[in-house]
Amino acid sequence: MKLLLSSLLTTTMLLAAGAASAQEFRIGLQEDPDVLDPHKSRTFVGRLVYASLCDKLIDVDAELKFVPRVATDWSWNEDNTKLTFTIRDDMTFHDGTKLDAAAVVANLERARTLPDSLRKSELTSVTGVEAPDATTVVLTLAQPDATLLAQLSDRAGMLLSPATFESDIGTNPVCSGPYKFVSRVQNDRIVLEKFADHPDADDYHFERLVFQPIPDSTVRLANLRAGDLDMLERLNPSDAAAVRDDANLQFMPIAGLGYQGITINTSGEGDGDNPLGTDKRVRQALQLAIGRDIINEVVGNGLFEPAQQPFPPASPYNSDDYPVVTRDVEAAKALLAEAGHERVAFTLSFGNNTTATAINELIQAMATEAGFDISLQPTEFAAMQQEMQAGNYQAAQIGWSGRVDPDGNLHQFVTCEGTLNDSNYCNEEVDRLLNEARETPDPEARLPLYNQAQAILQDDLPIIYVYHQPWPFVLASNVEGFQPYPDGMLRLKGVTMAE
């Protein structure tokens, strides 16, 4: 009898241990990611999935300093035109193939040469990539590039298995991160499972990750409170006070690196006549019609710090020369009259989620008073991005999650050949200034270049910046070890759930 009881007790303990190790961690996303190919994708929520799915050459820490990931160290030559990485030798991709220097070279070449790669403009300085041995990668640059390490700490430095390059990567990505791809149901969920052969596998404590897009912030929070989610990556600011007072939840906001704004199709194309796109005075009038402080108070509950430029207040490149423009309805009307319009109609697209709806309804109401008739067009987020990329829009309220280096918040959006230049804006002097800033490693020398470029952009207004994007994470009370980073990424190393 004692043996039987002992045997039953042991079996029960093993089953309990097995159940604990099979934990599933569920994350509520505000949107559904676009294609899961880091060289082709552009959504912020896609980067949240990549943080667990795809290793990068290097990463950033909580202080935004570059730290090793696949590369153990790196060095520049004397004139900053060669960057040499040492690659660790203990890693494989999820398909079992070796992650070595040759694989890194293949990925960088794909990122900079694939016809529809969105990483091209991030790697324009790179003229050659080679692997002299299995653990060394050397990048040759046409000129010094102060932005390159920052680019390689993000999607440009993410690594896919070269053995899959001829397959449909976007529907079945094979990377080398701590979790591997299992399945995706569009607009419903993305499932990853733990990759046992990852060198840091012991530090990842969940067997499965489930990412669930839930655009309605009320539903997203209700799912967290009901125990159907373990965390959500953005909270509706109107719920902040209630969440702070809820003992079953943890509110962990952090100031981000990016912004939300209105991108305008300056080609004048899109859905019909678009004076907003063809006349900067109309864009200037729209800016004057918008009260950024009102958006922060009414929708942001104090979390949406008003923005006038792409660089957050914490950035050394945030300039005092461009304070936030104060709402002035009469001045806006005067500019419209000067441009020959009593009223201007246009369509404003935005991602179909609760917070964006509230913001854009408020923008619509404020702009109406100044002479604008705005038709609101809520759209599934990834679909809106595709329409913007194709030029099929007039204006869109959209943001950028932000990058460590200032170039990442500006260059690709406003240079003539920028891969994210959905505004179709082109100014040769802006290109010259921002290209020179890319080649200038000294922050004191870079700042006046960005200021000069901003002087032009603040007048032309291809993008009207509205507020700086915070990252208000919310977690269940039993989640332990999570640390928010200013880049907004979900780093799950060391994160556990208490019993």
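Now for a quick tour of the structure. Values in this document were obtained by computation on a predicted structure and should not be read as measured data.

A few words now on the nonpolar core. In terms of nonpolar packing, the biggest core is built from 81 residues, with Phe25, Leu192, Phe211, Ile262, Ile295 and Phe372 touching the most fellow members. Here this core gets 8 residues from one element, more than from any other, and that element is strand E17 (residues 463–476). Not counting residues within four places of it along the chain, the set of residues in contact with phenylalanine 211 comprises Ile27, Leu29, Leu48, Val49, Asp188, Arg189, Ile190, Leu192 and Leu490. Formed by 27 residues, the second largest nonpolar core is a distinct cluster that contains Ala71, Ala111, Leu123 and Leu152.

This part is about the pattern of salt bridges. Per the stated rule, a full pass over the model turns up 33 salt bridges. Linking aspartate 230 and arginine 26 is a salt bridge whose minimum nitrogen-to-oxygen distance equals 3.0 Å. Of this pair, aspartate 230 sits in the loop between helix H5 (217–225) and strand E11 (231–232) while arginine 26 sits in strand E1 (residues 24–29), placing them 204 residues apart in sequence. Arginine 110 is the partner of aspartate 37 in a salt bridge, and the nearest nitrogen-oxygen pair spans 2.8 Å. With aspartate 37 in the loop between E1 and helix H2 (44–53) and arginine 110 in helix H3 (residues 101–113), the pair connects residues that are 73 residues apart, well separated along the chain. Connected via shared salt-bridge partners are Asp55, Lys56, Asp59, Arg69, Asp487 and Arg491.

Okay, the packing of aromatic side chains next. Throughout the structure, instances matching the rule amount to 12 aromatic pairs. For the ring pair phenylalanine 311 and tyrosine 317, a centre distance of 6.5 Å and an interplane angle of 65° mean the geometry is edge-to-face. Taking 5.4 Å as the distance between ring centres and 75° as the angle between the ring planes, the aromatic pair formed by phenylalanine 473 and phenylalanine 482 counts as edge-to-face. The pair formed by phenylalanine 473 and phenylalanine 482 is uniform in burial state, with each residue classed as buried.

Before going further, it helps to examine helix H12 (residues 381–389). Buried residues of H12: Phe381, Ala382, Met384, Gln385 and Met388, and no others. Buried residues of H12, viewed axially, fall in a sector of 155°; they line one side. Elements in contact with the buried residues of H12: strand E12 (249–264), strand E14 (344–351), strand E15 (372–379) and strand E16 (395–400). Looking at the residues trailing H12, positive phi occurs at glycine 391, about 85°.

A word on the side chain of histidine 39. Locating histidine 39 in the fold gives a position in the loop between E1 and H2. The exposure class assigned to histidine 39 is buried, which follows from its relative accessible area of 0%. Those residues in contact with histidine 39 that sit more than four places away from it in its chain are Asn107, Arg110, Ala111, Asp116, Ser117, Leu118, Arg119, Arg155, Met158 and Leu160.

The next point concerns the packing of helix H8 (residues 280–289) against helix H10 (residues 329–338). Where H8 meets H10, the closest approach of the two axes is 8 Å, and the angle between their N-to-C directions is 165°. Comparing their axes, H10 and H8 come out roughly antiparallel. Remark: the crossing between H8 and H10 carries left-handed chirality. Residue-level inspection shows Arg281, Val282, Gln284, Ala285, Leu288 and Ala289 of H8 in contact with H10, the latter providing Val329, Ala331, Ala332, Leu335, Leu336 and Glu338. Here the residues of the contact of H8 with H10 are counted per class, giving 9 nonpolar, 1 polar and 2 charged.

Next up on the list: the layout of surface pockets. Empty space left among the atoms is revealed by rolling a probe the size of a water molecule over them. Its volume calculated, the largest pocket comes out at about 460 Å³. Around the largest pocket, the lining is made up of 29 residues, and of these Asp59, Arg69, Tyr204, Arg491 and Lys493 lie nearest the centre. The element that contributes the greatest number of residues to the lining of the largest pocket is H2, accounting for 4 residues. Residue classes in the lining of the largest pocket are distributed as 13 nonpolar, 5 polar and 11 charged.

Quick notes on the rules
Residues numbered from 1 in each chain as written. Predicted model: local features only at pLDDT ≥ 70, side-chain atom pairs only at ≥ 80, totals over all residues. Heavy atoms only, no water. Core = buried A, V, L, I, M, F, W, Y, C linked by side-chain atoms within 4.5 Å. Buried < 20%, exposed > 50% of the residue type's maximum accessible area, 1.4 Å probe, protein only. Helix = DSSP H or I, 4+ residues; strand = E, 2+ residues; numbered from the N terminus. Contact = heavy atoms within 4.5 Å. Salt bridge = Lys/Arg side-chain N within 4 Å of Asp/Glu carboxyl O. Phe/Tyr/Trp six-rings, centres within 6.5 Å; stacked < 30°, edge-to-face > 60°. Arc of directions from axis to C-beta. Axes fitted to C-alpha atoms, helices over the stretch in contact; angles between N-to-C directions. Parallel < 35°, antiparallel > 145°, perpendicular 65-115°, else oblique. Left-handed = near helix turned anticlockwise from the far one by under 90°. Nonpolar A, V, L, I, M, F, W, Y, C, P; charged D, E, K, R; others polar. 1 Å grid on protein atoms, 1.4 Å probe; cavity = no way out; pocket = protein on both sides within 12 Å on 5 of 7 lines; lining within 4 Å. Points joined across faces, edges and corners; volume = space filled by probe spheres on them.

Note that all results are geometric; they support no functional claim without further evidence.
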